Amino acid sequence: MDRTALRLSDEERLLYREQGYFVRRRLFSPDELDALRDAAECSVAVARAASDRGRDEYAIDGNVYREAGGTTIQLEHRNDSETVRVLEPFHHLDPRFSTLLDDPRFVEPMCGLVGTRPVAVFTDKLNLKRPREGSQFRWHQDSPYWNHATPHVDRLPNAMLVLDDADIANGCLRMIPGSHRKGMLPGLEGDGTLGPLFTDPRYFDASTQVPVELEAGGMLFFSPHMVHGSQPNDSDRARRALIVTYQPAGHRMFKVDAKREAG
Ligand SMILES: O=C(O)CCC(=O)C(=O)O
């Protein structure tokens, strides 16, 4: 793989600065995607087995979470659902994912966005929007969620790889272009414990939203201050995707007391 060709281009740097995100299409082959989708299902099975052995379960605003096997398992937002919605972190659950964190298709653009070489992993999430069941992600920024855990919240770019074709029907990610330029925005008040993590709609214009439709194997790179969200999966197709967040080297991961350099 030609690492130099994967470096951040001037045009991408400008897009990231001005609109807060950019995409790269068709980066992963069908065979690679088959292997990663298999790794995703294996990771769910490993996390489930760990939580069957000993369950530390809690609910926040009615949403159920379990801590097991070094991951937070978030269940779907439906009464008594056992469907896994999100795993964070997940890379340790399958060796194919551990390897992926060092893949130049992630690391090269990230070195450009973070501004250091090497970079380190901050966190990683596997978001599994199952057919007809995957629920919405309300408008939010990631930065308020991470701010308490890091001295460099501005330098936590996200790299999202879509494992299935992502479109409007199955709940692709939606962006509010330029919203990142205002930095961290106020959250909702009086909307439960998680309310402050959802962006107050008075501080952005939802009518400017852009659904980012991407074929499987495409990647989306976006700022930690980007206001983003997604609709439920109303289709018969899965919309699985993973997001890896990087940071300057030398810092520990979010939620995990260890450092993980990448590259
Ligand atoms: O997967 C999605 O649709 C939304 C993911 C997201 O916003 C997040 O993980 O912060």
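Structural data are supplied above this passage.
Residues numbered from 1 in each chain as written. Predicted model: local features only at pLDDT ≥ 70, side-chain atom pairs only at ≥ 80, totals over all residues. Heavy atoms only, no water.

(A) How the structure looks around the packing of aromatic side chains. Per the stated rule, a full pass over the model turns up eight aromatic pairs. With 6.3 Å between their ring centres and 70 degrees between their planes, Phe28 and Phe106 make a pair best called edge-to-face. With Phe28 in the loop between strand S1 (21-24) and helix H2 (30-53) and Phe106 in helix H4 (residues 104-114), this pair connects stretches of sequence that are 78 residues apart. In this structure, Phe28 and Phe106 share a single accessibility class: buried. Aromatic side chains Trp139 and Phe204 sit 5.8 Å apart centroid to centroid with 65 degrees between the ring planes, which places their arrangement in the edge-to-face category. Of the two residues, Trp139 is situated in strand S7 (residues 137-140) and Phe204 in the loop between strand S9 (173-175) and strand S10 (210-211); the sequence distance between them amounts to 65 residues. A residue is classified by how much of its surface remains accessible, and Phe204, at 9% relative accessible area, is buried. Site record: aromatic cluster; members linked through ring pairs are Phe122, Tyr145, Trp146 and Phe254. Geometry around Phe137 places Arg85 over its ring, the cationic atom sitting 4.0 Å from the centre. (Phe/Tyr/Trp six-rings, centres within 6.5 Å; stacked < 30°, edge-to-face > 60°. Helix = DSSP H or I, 4+ residues; strand = E, 2+ residues; numbered from the N terminus. Buried < 20%, exposed > 50% of the residue type's maximum accessible area, 1.4 Å probe, protein only. Lys NZ or Arg CZ within 6 Å of the ring centre and 35° of its normal.)

(B) Representation of the site of the ligand in the model. Inspection of the region around the ligand gives Lys125, Asn127, Lys129, Phe137, His140, Asp142, Leu173, His228, Ser230, Arg239 and Ile243 as its neighbouring residues. Here Asn127 contributes a side-chain N or O atom positioned 2.9 Å from an oxygen atom of the ligand. Measuring from an oxygen atom of the ligand, one finds a side-chain N or O atom of His140 at 3.0 Å. Expressed as a share of its isolated accessible area of 290 Å², the protein-covered part of the ligand is 96%. (Near = heavy atom within 4 Å. Polar contact = N/O pair within 3.5 Å; in protein donor to acceptor, adjacent residues only side chain to side chain. Areas by Shrake-Rupley, 256 points an atom, 1.4 Å probe, with all protein chains shown as cover.)

Function-wise, these values are silent; they only describe arrangement.
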